[in-house]
Amino acid sequence: MMEYVNKLFLGDCLSVMDDFILNNVKVNYVFTSPPYNRKRNDKYANFEDVNLNYYDFLCNVVNRCLVLADYLFLNIQHNYYNKADVFKLIGKYNENIIDVVIWEKRNPMPASGCSLTNSYEYIIILSKIKKIIHTNTTYMKNHITTSVYSNNPYSKIHRAVMNPDVASWFINTFTKEGDIVLDCFMGLGTTALACMQANRKFIGIENCSEYFEIAQNRIKGV
Ligand SMILES: C[S@@+](CC[C@H](N)C(=O)[O-])C[C@H]1O[C@@H](n2cnc3c(N)ncnc32)[C@H](O)[C@@H]1O
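Residues numbered from 1 in each chain as written. Predicted model: local features only at pLDDT ≥ 70, side-chain atom pairs only at ≥ 80, totals over all residues. Heavy atoms only, no water.

## Some words on the environment of Lys-26
By the element assignment, Lys-26 lies in the loop between α1 (13–22) and β2 (27–32). Separated by 74 residues in sequence, Lys-26 and Val-100 have C-alpha atoms that sit 23 Å apart. If we ignore the near neighbours within four places in the chain, the residues touching Lys-26 are Met-1, Val-67, Leu-68 and Ile-180. A polar side-chain atom of Lys-26 sits 3.0 Å from the main-chain carbonyl oxygen of Val-67. (Helix = DSSP H or I, 4+ residues; strand = E, 2+ residues; numbered from the N terminus. Contact = heavy atoms within 4.5 Å. Polar contact = N/O pair within 3.5 Å; in protein donor to acceptor, adjacent residues only side chain to side chain.)

Laid out in structure tokens, this is it:
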């Protein structure tokens, strides 16, 4: 087990997670943000955000995460292109959903014309074995507000990097020192960095070698 911990893995998360399952890897949490299938490349220089079978892809991800972890925190935003798949997913896993946190953006990109501006994302908390989730403090609302990550230093090549405040909020609210957190869509390493800062362990998976290299270097720099 220890050979998997505090490491990043380069590859498709479905096959890497299959390997983890075969090798009996267990983690306390998965905290992850999959690509949103925006069908246009306005976010990534090195990844094409087009998946013709997005619903099956998400189900394959969720199924594996629910085997590997006690809890899965799935950060996702519905948009014009993916909303049928996202809402179908919520229906399919309704019995595994413990709660939904709303992540509100203070300053989202305005929608064109008179359309509603998309100003929040979901963090869906799921489990196959647990019925409730505890927080580390009392009176923790299932709602957080941050700005969009406008000072992302990598915005020219990866505009979907998570605001580090959200990863830290998750770590501080739910996890304990020594817990292992898997992020199967690691991107530039935000979850791993938040884990390191708070003395938690991490495992990351990213399939794009350019992003993987950056994440490795960021982790080494801590
Ligand atoms: C929404 S971003 C995650 C960003 C990350 N939370 C961060 O803060 O940098 C999704 C990431 O998943 C990666 N990705 C897409 N398909 C993947 C797959 N099948 N396996 C592993 N990673 C994948 C993309 O390259 C992208 O970096």
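Now that the structure is up, let's keep going.
## Topic: the pattern of salt bridges
Two side chains of opposite charge can pair, provided their charged atoms sit close to one another. Following the criterion strictly, the structure yields three salt bridges and no others. Arg-64 is paired through a salt bridge with Asp-18; the nearest N and O atoms lie 2.8 Å apart. Of this pair, Arg-64 sits in helix α2 (residues 54–68) while Asp-18 sits in helix α1, and the two are 46 residues apart along the sequence. Asp-42 serves as the salt-bridge partner of Arg-38, at 2.5 Å between the closest nitrogen and oxygen. For Asp-42, a relative accessible area of 23% puts it in the partly exposed group. (Salt bridge = Lys/Arg side-chain N within 4 Å of Asp/Glu carboxyl O. Buried < 20%, exposed > 50% of the residue type's maximum accessible area, 1.4 Å probe, protein only.)

## Let's talk about helix α4 (residues 164–174)
Within the span of α4, buried status applies to Val-166, Ala-167, Trp-169, Phe-170, Ile-171, Thr-173 and Phe-174. For α4, the N-terminal capping position is held by Asn-163, with its side-chain oxygen 2.9 Å away from the main-chain nitrogen of Asp-165.

## Some details on helix α6 (residues 209–220)
The end-to-end C-alpha separation of α6 is 16 Å, in line with the 16 Å expected for twelve residues at 1.5 Å each. What α6 keeps buried is the set Tyr-211, Phe-212, Ile-214, Ala-215, Arg-218 and Ile-219. Looking straight down α6, one finds its buried side chains confined to an arc of 165°; they lie on one side. Taken together, the buried residues of α6 touch β1 (7–10), α5 (190–197) and β8 (201–206). (Expected span 1.5 Å × (residues − 1). Arc of directions from axis to C-beta.)

## Comments concerning the sheet that holds strand β7 (residues 180–183)
Taken in spatial order, the eight strands of this open sheet run β1-β8-β7-β2-β3-β5-β4-β6, and their pairing is mixed. What marks the edges here is a single partner per strand, and that holds for β1 and β6 (143–146). On average, each strand axis in the sheet is inclined to that of its neighbour by 20°, with strand direction left out of account. With seven bridges connecting them, strand β4 (residues 97–105) and strand β5 (residues 120–126) associate as antiparallel partners. Note on β5: the bridge partner recorded for Val-100 is Ile-124. Packing of α4 onto the sheet brings it into contact with β2, β3 (69–76), β4, β5, β6 and β7, and relative to β2 it is tilted by some 155°. α6 rests against β1 and β8 of the sheet, and its axis sits at about 170° to β1. (Pairing = 2+ DSSP bridges. Axes fitted to C-alpha atoms, helices over the stretch in contact; angles between N-to-C directions.)

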